[in-house]
Amino acid sequence: TTEIYTLSLHDALPICRTPGLLTAAIAMAMLSASALAAEVIESDLLLEGLTISFGHSGMAQDYTRGKELLEQACLDGSSAACGSWSWRRPEGPEPSAVVAHFEPACRDGDPVACLPAAWVLLDPAYETPNAALGQELLQASCDLGLPEGCAELAMAGLRGAIPMDRLTSMELLSSACTDGSGTACAALAQEDPSASVELADRACSLDSLWGCAMLAEADIQSSRTEKGLALHQMACEDGYLGSCLALGQRYSKGDGVAADPKQALRIFERSCQWGDSQGCEEAGAMLLAGTSVPADPTAAWGLIQEGCTLGDLAQCRRVVAYGPPFALSEGAFEEVAATLTRSCLQADDQACGSLGLANVLGAGVPQDIAWGLDVLERSCTAGDPHSCQDLGKIHAFGAGVDADKGTSRRYYQQACQAGLEESCQALPKRMRPDVAVDPSRG
């Protein structure tokens, strides 16, 4: 019965990519299915509702649509979709409430319920790390027969979130792909360039928008531009942020389509609203530059600050270092400093370095130059190139310390050696004034 369902849905998918038609296709495919297939639909509704409620797997976070799907899954008999909604907050899921709500349902035998609890336990952004329990829940989902659970378990192993060797992870992905997990097929495509197109095609046919996005790029690179752009458009409209970003960048640069900066900006702004920090960065850059669209510093810095709130520490640092008070909302520096503090407490060197810079500048925190310089030095030593470059600028201009071009050069060299191209490009200029008196630096 499961095989009949898979084949029927696979045949229907190429002509019904919009959400409404896809729902209709599932309904038609299931008309003659048994109780087992009904459970598959129930699981699909629950999984889709949770995925977009969490903004998981590259999807836009959409609480409203997620709530609709979960309510329907509840009506269809999924106990995990019913009950307490305390885990949902305006700013995102509440980690401890997620675990409290879904772990019992997982242990009662619901494989989909295992996933959201594992997501928050294995993602550092939720600040509730427990790799052992997260792995246990993913293993339970996989053992209960959910291919997506096996895919999630294998991908956690590949990214180093749990102790699982690469061979085991790849074998698990292969089995999950064979069993109908589009996510697993897409992950395999990413890991195996030689078979990526075939695997992405299978992933897309299994309704993985990640797979469709990969297939779209393969089409564009093979000069099937129109087909690839149509796939990206479909995936973006269905909420896959990677396709939205790809479309926005192509409209911005005129890459494969006629350049349309206004359309690119609309796509980037919508992606930002959907929770994509890179969309915030792209839109902010366009509005700051004001070359292809009218400049709007206030809107630009608001977008950059939103990117920081979404966890992009580079955008947090940008607000601290360059954000003009006149273009930022009241309390913006304080909010950014709070974001950096939370990440620094998780031992993130980039966040700590940016927090050190905030202390040197007094941006959102009381100015403490000595403490800030100490934190920057430690972050630089730990390998954060931006902290090294910040120290280079501070010593070049004498911001709270005596100006010292030699010390400034040394920090720029450290930043360059750590991979910051901006510092590498600046080094010749930094070195030029002293070459005559110090040939060893030439």
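Before reading further, recall that the structure is shown in the block above.
The following refers to the structure shown. (Residues numbered from 1 in each chain as written. Predicted model: local features only at pLDDT ≥ 70, side-chain atom pairs only at ≥ 80, totals over all residues. Heavy atoms only, no water.)

### As for the state of the cysteines
Using the criterion set out here, one finds eleven disulfides in the structure. The partner cysteine of C142 in its disulfide is C150, sulfur to sulfur 2.0 Å. Note on the C142 and C150 pair: the S-S dihedral is about 95°, so by sign convention the disulfide is right-handed. Looking at C150, the relative accessible area reads 12%, which means it is buried. Shown here is the disulfide that connects C308 with C316, its sulfur atoms set 2.0 Å apart. Disulfide C308-C316: the torsion about the S-S bond is 95°, which places it as right-handed. With relative accessibility at 1%, the residue C308 sits in the buried group. Classification of C316 as buried rests on a relative accessible area of 0%. (Disulfide = S-S within 2.5 Å. Buried < 20%, exposed > 50% of the residue type's maximum accessible area, 1.4 Å probe, protein only.)

### A few points about helix α19 (residues 332-344)
Over its 13 residues, α19 runs 18 Å from end to end, which matches the ideal 18 Å to within 8%, given 1.5 Å per residue. Against α17 (297-309), α18 (313-322) and α20 (349-361) lie the buried residues of α19. (Helix = DSSP H or I, 4+ residues; strand = E, 2+ residues; numbered from the N terminus. Expected span 1.5 Å × (residues − 1). Contact = heavy atoms within 4.5 Å.)

### A short note on the nonpolar core
Counting residues in hydrophobic clusters, the biggest one holds 68 residues, and the most contacted among them are L46, L50, F54, W87, F102, L137 and L173. Sort the elements by how many residues they give to this core and helix α6 (residues 114-122) lands first, with eight residues. Apart from residues no more than four positions distant in its own chain, F54 is found in contact with Q61, W87, P93, V98, P116, W119, V120 and Y126. By size, the runner-up hydrophobic cluster in this structure holds 31 residues, among which are C308, L313, C316 and A351. (Core = buried A, V, L, I, M, F, W, Y, C linked by side-chain atoms within 4.5 Å.)

### Topic: unusual backbone geometry
Positive phi values are uncommon outside glycine, yet S223 reaches one of about 70°. With a phi close to 65°, A347 is a non-glycine residue in the positive phi region. Position of A347 among the secondary structure elements: in the loop between α19 and α20. According to the relative accessible area criterion, A347 is exposed, its value standing at 61%.

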